[in-house]
Amino acid sequence: RRMRSVTSRPPPPDDPAMPRAARKPIPLSRAGRDNANDDIYERVVAAILEHRLRPGTKLGEDRLAGIFGVSRARVREVLARLAHEQIVDLFPQRGAYVARPTPEQAMDVFEARRLIEPAVLRRLIAQHSPERVARLRQHQELEVDARRREDKRAIVRLSGEFHVLLAELAGNTALARTMRELSTLTCLIIFLYDAPTATSCRADEHSAIIDAIAKRDPARAEKLMLEHLAHIEGSLTLDASAEEVDLEAVFNG
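Draft legend 1. The arrangement of unusual backbone geometry in detail. The phi dihedral of Gln-93 is positive, around 70 degrees, even though this residue is not glycine. For Gln-93, the location among the structural elements is in the loop between strand E1 (88–91) and strand E2 (95–98). What makes Gln-93 exposed here is its relative accessible area of 84%. Non-glycine residue Glu-150 carries a positive phi angle of around 55 degrees. Topologically, Glu-150 is positioned in the loop between helix H5 (130–148) and helix H6 (152–170).

Draft legend 2. Region of the structure containing the packing of helix H4 (residues 103–126) against helix H10 (residues 218–234). One way to put it is that H4 packs onto H10 with a least axis distance of 9 Å and a crossing angle of 155 degrees. The pairing of H4 with H10 is recorded here as roughly antiparallel in orientation. Judged by the twist between their axes, the crossing of H4 over H10 is right-handed. Between H4, through Met-107, Phe-110, Arg-113, Arg-114, Glu-117, Pro-118, Leu-121, Arg-122 and Ile-125, and H10, the contact on the second element is made entirely by Pro-218, Ala-221, Glu-222, Met-225, Leu-226, Leu-229, Ile-232 and Glu-233. The class makeup of the residues in the contact of H4 with H10 is 11 nonpolar, no polar and six charged.

Draft legend 3. Up close: the pattern of salt bridges. Under the criterion given, the structure shown has 17 salt bridges. For Arg-157, the salt bridge identified is with Glu-50, shortest N-O distance 2.8 Å. Linking Arg-157 in helix H6 with Glu-50 in the loop between helix H1 (30–49) and helix H2 (61–68), this pair joins segments that are 107 residues apart in sequence. The partly exposed category is assigned to Arg-157, whose relative accessible area is 22%. For the salt bridge of Arg-122 with Glu-222, the shortest nitrogen-to-oxygen distance reads 3.3 Å. Remark: Glu-222 occurs in helix H10 and Arg-122 occurs in helix H4; sequence separation between them is 100 residues. Residue classification places Arg-122 among the partly exposed positions, given a relative accessible area of 42%. Taken together, the shared-partner salt bridges connect Glu-50, Arg-52, Arg-157 and Glu-161 into one network.

Draft legend 4. Inspection of the packing of aromatic side chains at higher detail. Inspection of every chain in the model, using the stated rule, returns two aromatic pairs. An angle of 70 degrees between the planes, with centres 5.8 Å apart, marks the rings of Phe-91 and Tyr-97 as edge-to-face. Residue classification places Phe-91 among the partly exposed positions, given a relative accessible area of 34%. Tyr-97 sits in the buried class, given a relative accessible area of 17%.

Cut-offs and rules
- Residues numbered from 1 in each chain as written.
- Predicted model: local features only at pLDDT ≥ 70, side-chain atom pairs only at ≥ 80, totals over all residues.
- Heavy atoms only, no water.
- Helix = DSSP H or I, 4+ residues; strand = E, 2+ residues; numbered from the N terminus.
- Buried < 20%, exposed > 50% of the residue type's maximum accessible area, 1.4 Å probe, protein only.
- Axes fitted to C-alpha atoms, helices over the stretch in contact; angles between N-to-C directions.
- Parallel < 35°, antiparallel > 145°, perpendicular 65-115°, else oblique.
- Left-handed = near helix turned anticlockwise from the far one by under 90°.
- Contact = heavy atoms within 4.5 Å.
- Nonpolar A, V, L, I, M, F, W, Y, C, P; charged D, E, K, R; others polar.
- Salt bridge = Lys/Arg side-chain N within 4 Å of Asp/Glu carboxyl O.
- Phe/Tyr/Trp six-rings, centres within 6.5 Å; stacked < 30°, edge-to-face > 60°.

Written out as structure tokens, the structure reads:
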């Protein structure tokens, strides 16, 4: 009589007897994966906006995976997204680095802003509403408060976010996405070329732009914006210095 061989079944994945190496992580859903990637992306961008990440900082996949508690593949996806937006430079065999815009690239960014931001203002004023103006005033109050507290990181971040908010309130998602990329690049440029915060993006200039929007005066709003951008661009000075940055301190501090 043939004896049937009995093969032992492996314990279920959550069985504590199973060796750690044999346990498979539960895969995230597509939505969960996207949310995790968005969170990492937002934290990297915020660190750039607040000048906690310097241009040229190496973004090691292993270190970031450990900091955020995710796989290297997840980090690689985020870095590819940042590279697509020119916020990160990817080099074969060398890895990812926070972008270091050249003087020529910096001028290109400001040329693009001079073309785009007047169009943003025209569209915003065409869709004028008290609620939109109130939202801008609220953001301005945050800027004023940050300056009163002399919170340099918040000042830089909020100054950049003001321009993104204008595009978002204008109601064009493509313009808003473009302005976010340009504002982030501008923060890198200001950091790299050491533009003083007090003169590069002044709260009173933002206030004047809001007043022109409230009065539905596109010509004045555009004029003020172009002058504002000229002040930022004119404050740039070349600074080739680069210091080592502790990624753990940036994201865990």
